[in-house]
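# Commentary on secondary and tertiary structure
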Amino acid sequence: MAEQASGKVSMEKIVSLCQRRGFIFASSEIYGGLSSCWDYGPLGVELKQNVKQAWWRSVVQERDDMVGLDASILMHPQIWAASGHLKQFADPLVECKRCHLRWRADELKDNSCPSCGGEVTEPHLFNLMFKTFMGPVEEEANIVYLRPETAQGMFVNFQNVVNTTRKRLPFGIAQIGKAFRNEITTGNFIFRSREFEQMEIEFFVKPETDEEWFNYWLEERRDWYVNLGIKKENLQLRQHTKGELAHYARKCYDIDYRFPMGWAELEGVANRGDFDLVQHASYSGKSLTYLDEETNEHIVPYIIEPSAGVDRSVLAFLCDAYEEEPDKDEIRVLLHFHPTLAPIKVAVLPLSKREQLVQVAKEVYAELRPCWMVQYDDTQSIGRRYRRQDEIGTPFCVTVDFQSLEDNQVTIRERDSMNQIRLPRAELKRTLAAKLEGEDLFVLPPGGQIWKEGGNG
Ligand code: GAP
């Protein structure tokens, strides 16, 4: 029986694979690391780019009612007064009187320190925004904040977007970017860190249509994860109770994923009502209304906000893709990434290091490289090289063998089934393109044949 990942795979296994294969490293590792900061390695950066690109394609490029934005991280400090972050973006902090470790009060089971059992202080509110100074003078007047969410950049550009794109309601703005939070407790690898990336949508609607659009986006966003390979049973929708709702939200659902440590938020979908536009209009003195051409009235749109974490999505895709299978006396570890997300789409492998084989394999590699992220590998046995590609989630391996020198044909081996087909080189690019789009491996191109079904290849 294959060990199926999510809910069962341990975080240790995911962390170890990420470290070993170059997906994710601890930040500043040679200096002992920097708490809760992470560096994406050569494969991790590809995976993360693919996640962001898939999101951007689906919410911006494939839609008529969305536009993109890339706002700056540093923004006018008044924005954080208007948004409520200066007053309300805080967690209750306690300190152990004995060992002086600090904890989030709402995460303690009783009033004692989880580390040494000592008594803790009364809670006080700790603001999670990182502060810094604009310009060379470190004084109060020059304080700016690293944004704790990308959302505000979209609210304050609402009028710019309406004026320059002539978008009519309903329409949305999408943005991907870094956010920073001085979290009191971090952990679970990249799940909660102090520097992370968000993919946020602010969708502006007529107030009376808010429920309809809220439901639409909740479903749309859940389906996005499923279409990219996350198992339905590892996702759940959870409504926030009144006590949990953020100060700006009229209603909110979390899309939870079953991470190794349990169910936890992957993305939030909130109905923010008119809170943000009203607040920014009031603090800036600028009108942020919208002229409804049907009624000739100025209205303040409501905002539906699907807000996802890039890093949490990467972690969920990794956990969901992870699988271990018995393989003779060993274990085959594989990542079943959807081809859209796989860091490497195709690996080109000569059967051996013989010069003629290497030459043909390098030609094939050069031919495929302009189309996809392709890797060439001629080290170690072919079996080991297949396993290496399985472990990093490469959907297809192309193998050049001695017969290729005679018949100008190569084999394609599929990661999950290990099935193989053989086909003329002239058909390779077109065939791989179709397979990466989801065509069954055994749909054969002209001159193609089934080579091997399953097995340990
Ligand atoms: N604009 C609304 C907003 O920022 P949020 O629920 O605080 O809402 C949205 O954050 C998403 O950002 C979360 O669902 C999560 O995926 C991600 N996120 C939030 N804090 C994070 C952290 N400390 N580390 C990693 N991801 C985080």
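Anything mentioned here points back to the structure above.
Below: a short report on this structure. Predicted model only: the values in this text are computed from it and were never measured. (Residues numbered from 1 in each chain as written. Predicted model: local features only at pLDDT ≥ 70, side-chain atom pairs only at ≥ 80, totals over all residues. Heavy atoms only, no water.)

Helix and strand counts for the chain stand at 13 helices and 25 strands. Summarising its shape, the C-alpha atoms of the chain cover approximately 75 × 65 × 45 Å along the three principal directions. For the chain, buried positions account for 51% of its 457 residues. Long-range contacts, defined here as pairs at least 24 residues apart, represent 65% of the contacts in the chain between residues at least 6 apart. In the structure as shown, the chain presents an accessible area of about 21,600 Å², 49% of it carried by carbon and sulfur atoms. One way to put it: in the chain the 55 positive side-chain charges average out to a point 3 Å from where the 70 negative ones average out. (Helix = DSSP H or I, 4+ residues; strand = E, 2+ residues; numbered from the N terminus. Buried < 20%, exposed > 50% of the residue type's maximum accessible area, 1.4 Å probe, protein only. Contact = heavy atoms within 4.5 Å. Areas by Shrake-Rupley, 256 points an atom, 1.4 Å probe, with all protein chains shown as cover. Lys, Arg positive; Asp, Glu negative; His and termini not counted. Charge placed at Lys NZ, Arg CZ, Asp CG, Glu CD.)

Backbone-to-backbone hydrogen bonds join strands into a sheet, with any given pair of strands oriented parallel or antiparallel. Within the open sheet, the six strands sit side by side as E21-E20-E22-E23-E24-E25. Their pairing is mixed. With one partner strand each, in any of the chains shown, strand E21 (374–376) and strand E25 (449–452) form the two edges of the open sheet. Mean inter-strand twist for the sheet, computed between neighbouring axes without regard to direction, equals 30°. For strand E24 (residues 420–424) and E25, the ladder comprises three bridges, and the chain directions are antiparallel. Each bridged residue has a counterpart across the sheet, and for Gln420 the counterpart in E25 is Lys452. Helix H11 (residues 382–392) rests against strand E20 (346–350), E21, strand E22 (396–400), strand E23 (409–414) and E24 of the sheet, and its axis sits at about 170° to E20. (Pairing = 2+ DSSP bridges. Axes fitted to C-alpha atoms, helices over the stretch in contact; angles between N-to-C directions.)

So, on to the packing of helix H10 (residues 355–368) against helix H13 (residues 428–436). It is at 10 Å that the axes of H10 and H13 come closest, and there the two elements cross at 55°. Overall, the two elements H10 and H13 adopt an arrangement that is oblique. The interaxial crossing formed by H10 with H13 has right-handed handedness. Here Val364, Glu367 and Leu368 of H10 come into contact with H13, specifically with Leu428, Lys429 and Leu432. In terms of residue class, the contact of H10 with H13 is built from four nonpolar, no polar and two charged. (Parallel < 35°, antiparallel > 145°, perpendicular 65-115°, else oblique. Left-handed = near helix turned anticlockwise from the far one by under 90°. Nonpolar A, V, L, I, M, F, W, Y, C, P; charged D, E, K, R; others polar.)

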